[in-house]
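Coordinates in review
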Amino acid sequence: MTALSLAAAIGGTLVGVIGFAMSYSTLAKVALAWGFSEELAPWFPVGVDASIIAFLALDLYLIRKDTPWPLLRMAAHAMTGATVWFNASSQGHIGDDPVKAASHGVMPVLFVIGVEAARRLIIQKARLEAGTAADRIPLHRWILAPLETPRFYRRMRLYGVTSYPEMIRRQQDLMAYEQWLKRKYNGDLSQASDDEKLPMKMAVYGYTVAQALALPEQQERQAQARAEEAERRRLEAETRRELAQKKAQADRLEADGELEAVRARVEGQTAQARAHARAQASAAERAAELEEQALETALIAEARAREAEAQRKEAQEREAQAAADARAAELERQAAEKRKEAAEADRIAAAEAQAIETQAIAEARAAAAEADRRAAETERAAAETRHAAAEADRRAAEEIERQALAQANTQAAHAAAAEADRRAAETRLAAAEIERRAVEAEDVARLKPRERAVRRVARMILFAADGVAERLPLADIQHELAVSSPATASEYRQEAAELLASGYRP
């Protein structure tokens, strides 16, 4: 392959050099004949041939970078056609001597053919590296099936099937499935359900038999996933709405508690001040009344004493005139008694004044104690209001914490469910891959339909029943293999168990 590559590269280079050398002199003469100056005529063939090389080189480079631009290739071919025409017509009329004209125009054509071969090689190599290389449909198929092959080719190109054997296998599976349906319904396909007709309907859109039959279940899973997602979003929105409502309620309760605390504190302080003021005013009024009463009592006692003294003096004067000497002792005694009575009156008045003053002070103290008691009750009410506000704050904090914990639990549950779905999807993917490989191995071994069915049941026992045949329901076998008899399903399960016991593993 290396020697062939070297030979092709050297030969293509020689063809190109010789062709462009021959074309150069011919096109230079043509340019002079067409009226180009002697300075510009030698540059005309350089521009034509260089454009061909540049366009083809850019086309190959863009193909290698997987960004082809068809305009470059068309421009290069157009310039090649122009070069061939210029070289062929330089010897006169082409119809006069076509062999001579062809000899002057064949070299550029050979160079372009070599470049096209290199272009094809680069494209195929890039496709092989990218894994997108397409198998060609054999020529004999076009000859033997001229009407079906174009449709076959169209389906391959439309739906990206690059493997010709893969497309053959798909067509064979579809035909086999259609024949199975005919056997099932005695040739009347109209009795088949819509789900059973899916492989025939979806084949024109590139679906395999297995993919078409799996569509209903896949769409149901997707619909269920959409419904679950919508329900999850609804629950999250409802949870957020409830949290917002509870937060607003907690804020409102907190504001009400603070307002009540401030109001109670202000009312308590106001009531306390009013009680103190009333007590002080009452005590002052009582003290003034007691002082006034004591002063009035003292004046009355003094007036009485003065009156008694005046009466005594008048009696003494009258008695003095009648018996001044005889009654002097009696008058003295009476005066002593009067003085004693006056002293006793003064004492009684002083005692009464002191008793009145003591009662006023006691009443003032009782009023002050009552005011202090009311102020203490007001302060206690304010303290109880503050305690209620603090209790409301604590309950609001507990509610917010409980909601946060519930939200965290909900998120953890969603994460666990998503992880379980992911693991289930990985398990289904692995099972599908094993199923595909097993089917390919059965295709290679060219097993009979019953052998394939038994192996399929064996795989169901491994993946769906943990390797225990009795755990696999006969209804699942009937549904999977489309058999109507439980006895047949039981035979398949028994043979599958024997196959697994003999060491079969997909």
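Below, the structure is looked at part by part. (Residues numbered from 1 in each chain as written. Predicted model: local features only at pLDDT ≥ 70, side-chain atom pairs only at ≥ 80, totals over all residues. Heavy atoms only, no water.)

**Some points on the side chain of R141**
Looking at the secondary structure, you find R141 in helix 5 (residues 139-144). E148 provides the closest opposite charge to the buried, salt-bridge-free R141, at an N-O distance of 4.8 Å. Setting aside anything within four residues of it in sequence, one finds R141 in contact with P146, T149, F152, Y164, I168 and Q171. (Helix = DSSP H or I, 4+ residues; strand = E, 2+ residues; numbered from the N terminus. Buried < 20%, exposed > 50% of the residue type's maximum accessible area, 1.4 Å probe, protein only. Lys, Arg positive; Asp, Glu negative; His and termini not counted. Salt bridge = Lys/Arg side-chain N within 4 Å of Asp/Glu carboxyl O. Contact = heavy atoms within 4.5 Å.)

**Here's the deal with the packing of helix 7 (residues 164-184) against helix 8 (residues 194-202)**
One way to put it is that helix 7 packs onto helix 8 with a least axis distance of 10 Å and a crossing angle of 150 degrees. Classed by the angle they form, the pair helix 7 and helix 8 counts as roughly antiparallel. Crossing of helix 7 over helix 8 shows left-handed handedness. Contacts between helix 7 and helix 8 involve L174, Y177, E178, L181 and K184 from the first element and E196, P199 and M200 from the second. Looking at the contact of helix 7 with helix 8 residue by residue, the class counts come to five nonpolar, no polar and three charged. (Axes fitted to C-alpha atoms, helices over the stretch in contact; angles between N-to-C directions. Parallel < 35°, antiparallel > 145°, perpendicular 65-115°, else oblique. Left-handed = near helix turned anticlockwise from the far one by under 90°. Nonpolar A, V, L, I, M, F, W, Y, C, P; charged D, E, K, R; others polar.)

**Focus on the pattern of salt bridges**
Taken as a whole, this structure holds 18 salt bridges when the rule is applied. Here E166 and R169 are joined by a salt bridge, their closest N and O atoms 2.9 Å apart. Of the two residues, E166 and R169 are both situated in helix 7; the distance of three residues between them amounts to about one turn of the helix. Overall, the relative accessible area of 24% leaves E166 in the partly exposed class. By relative accessible area, R169 is classed as partly exposed at 27%. In this structure, E231 engages R234 in a salt bridge whose closest nitrogen and oxygen atoms are separated by 2.5 Å. Of this pair, E231 and R234 both sit in helix 9 (residues 209-323), separated by three residues, roughly a single helical turn.

**A closer look at the packing of helix 11 (residues 449-464) against helix 12 (residues 474-481)**
Relative to each other, helix 11 and helix 12 sit at 130 degrees, their axes nearing to 11 Å. Between helix 11 and helix 12, the crossing angle belongs to the class labelled oblique. Pair helix 11 / helix 12 crosses with right-handed handedness. Note on element contacts: helix 12 touches helix 11 through D476, I477, E480 and L481, opposite A453, R456, V457 and M460. For the contact of helix 11 with helix 12, a count of residues per class yields five nonpolar, no polar and three charged.

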